[in-house]
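# Fold and contact review
Here's the letter readout for the chains.
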Amino acid sequence: MEYCVKNNDIIVSEDDFDLDETLDCGQAFRWQKIDGIGKSAYTGHFLNDALTISQNESGEFVFHDVSEEDFIGKWVNYFDFETDYSAMKNEFSADETLSKACEFAGGIRLLRQDSWECLISFIISQNNNIPRIKGIIGRLCEHYGGKFPTAADLADETPDSLSYLRSGFRAKYICDAAYCVNSGKIDLAKIAVAPIDDARKSLKEIKGVGPKVAECVLLFGMHRTEAFPVDVWIKRVLAEYYPAGFPEFAQKNAGIAQQYLFHYIRNLK
């Protein structure tokens, strides 16, 4: 990644990055595509930090009204700009299917999200579609003054008091997650660095957190790149292309490989 400061903006050059593939692929739900700025543009949040980002006609990415301090201190990490995705994709190219997936959707980057926000987001995502997930999260943040509520903020909520979310059965799971984290029963910071199987087990102590949600939280909220969420699309990939098992050489970054494969197989079919 290379960048420069121009007026109040940060201009970034990065080959391994695509706004649509990264911000609208189902790993984060507080980004909205907007018109009228460059070739492509989004506005969204990371916790309580708002950002408008666009791609200009030269292919550069513009972080609008962002100081260099905030760019270095927040957004470089959030967009995982310090990871060499070119090297990772070169490594994946040893597998024919992964090579095709990387070529098809090579601009996906793994967002380094907050573990608490990610936990609640993927609890809400269960048996849900992206527009509805975004709506529920939007109503939750609006209720708390435009900010994503902390576990302490939600600790006294009940399924009835969360009825404005229109989240159905998920409300009771949101409440349990808030109780577990606020009370200290679940320590997300410790889970983030625990052995992967212990981390999975701890997350599944929260009501409503099954294997898929646990893997999503580990991957998207804790940057545990060995985590591997499996949905109907990935089940098809594994059955069709990897009946003998996922390639061992790719397992340390299996979650990132999964992102390429998910985008590829969903569009291919």
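Figured I'd write up the structure that's included with this text. No experiment lies behind these values; they were computed from the predicted model shown. (Residues numbered from 1 in each chain as written. Predicted model: local features only at pLDDT ≥ 70, side-chain atom pairs only at ≥ 80, totals over all residues. Heavy atoms only, no water.)

Looking only at helices and strands, the chain features 13 helices and 6 strands. Here the chain has a C-alpha radius of gyration of 19 Å; the compact-globule value for 269 residues is 18 Å, and the two agree. Projected onto its principal axes, the C-alpha coordinates of the chain cover approximately 55 × 50 × 35 Å. Counting over 269 residues, the chain shows a buried share of 51%. Element-wise, carbon and sulfur atoms account for 46% of the exposed surface of the chain, whose accessible area totals about 12,600 Å². Placing the 29 positive and 41 negative side-chain charges of the chain at their respective mean positions leaves the two points 8 Å apart. (Helix = DSSP H or I, 4+ residues; strand = E, 2+ residues; numbered from the N terminus. Rg over C-alpha atoms; globule rule 2.2 N^0.38 Å. Buried < 20%, exposed > 50% of the residue type's maximum accessible area, 1.4 Å probe, protein only. Areas by Shrake-Rupley, 256 points an atom, 1.4 Å probe, with all protein chains shown as cover. Lys, Arg positive; Asp, Glu negative; His and termini not counted. Charge placed at Lys NZ, Arg CZ, Asp CG, Glu CD.)

We now examine the pattern of salt bridges. Oppositely charged side chains may form a pair once their charged atoms are brought near each other. Summed over the entire model, instances satisfying the criterion amount to 13 salt bridges. Salt-bridge contacts for Lys33 lead to Asp20; the nearest nitrogen and oxygen are separated by 3.1 Å. Of this pair, Lys33 sits in strand 3 (residues 31–34) while Asp20 sits in helix 1 (residues 19–23), placing them 13 residues apart in sequence. Since its relative accessible area comes to 48%, Lys33 is described here as partly exposed. What makes Asp20 partly exposed here is its relative accessible area of 32%. Put simply, Asp70 and Lys74 hold a salt bridge, and the shortest N to O gap is 3.8 Å. (Salt bridge = Lys/Arg side-chain N within 4 Å of Asp/Glu carboxyl O.)

The biggest cluster of nonpolar side chains holds 66 residues, and the ones touching the most others in it are Phe92, Trp116, Leu119, Leu203 and Phe246. Core analysis: the next-biggest nonpolar cluster, separate from the first, contains 21 residues, Leu19, Val66, Trp75 and Tyr78 among them. (Core = buried A, V, L, I, M, F, W, Y, C linked by side-chain atoms within 4.5 Å.)

The next point concerns the layout of surface pockets. As a volume, the largest pocket reaches approximately 550 Å³. What lines the largest pocket is a set of 24 residues, among which Gly26, Phe122, Ser125, Lys212 and Asp231 lie closest to the centre. Where the lining of the largest pocket is concerned, the elements lending two or more residues are helix 6 (130–143), helix 11 (211–222) and helix 13 (254–268). Residues belonging to the lining of the largest pocket are distributed by class as follows: 11 nonpolar, 10 polar and 3 charged. (1 Å grid on protein atoms, 1.4 Å probe; cavity = no way out; pocket = protein on both sides within 12 Å on 5 of 7 lines; lining within 4 Å. Points joined across faces, edges and corners; volume = space filled by probe spheres on them. Nonpolar A, V, L, I, M, F, W, Y, C, P; charged D, E, K, R; others polar.)

Okay, the sheet that holds strand 4 (residues 40–46) next. On the basis of which strands lie adjacent, the open sheet formed by 6 strands has the order 1-2-6-5-4-3 and antiparallel pairing. Here the strands that pair on one side only, and so sit at the sheet edges, are strand 1 (2–6) and strand 3. On average, adjacent strands in this sheet sit at an angle of 25° to one another, irrespective of strand direction. (Pairing = 2+ DSSP bridges. Axes fitted to C-alpha atoms, helices over the stretch in contact; angles between N-to-C directions.)

Here the focus is empty space enclosed by the protein. Left-over empty space is what a probe sized like a water molecule reveals as it rolls over the atoms. Under the defined criterion, the tally for this structure stands at 1 cavity of 30 Å³ or more. Reported here for the largest cavity is a volume of approximately 70 Å³. Forming the boundary of the largest cavity are Ala28, Phe29, Arg30, Trp31, His45, Phe46, Tyr78, Gln113, Asp114, Glu117, Ser121 and Ile137. Those elements giving two or more residues to the lining of the largest cavity turn out to be strand 4 and helix 5 (115–124).

Remember that the coordinates give geometry; whether it matters functionally is a separate question.
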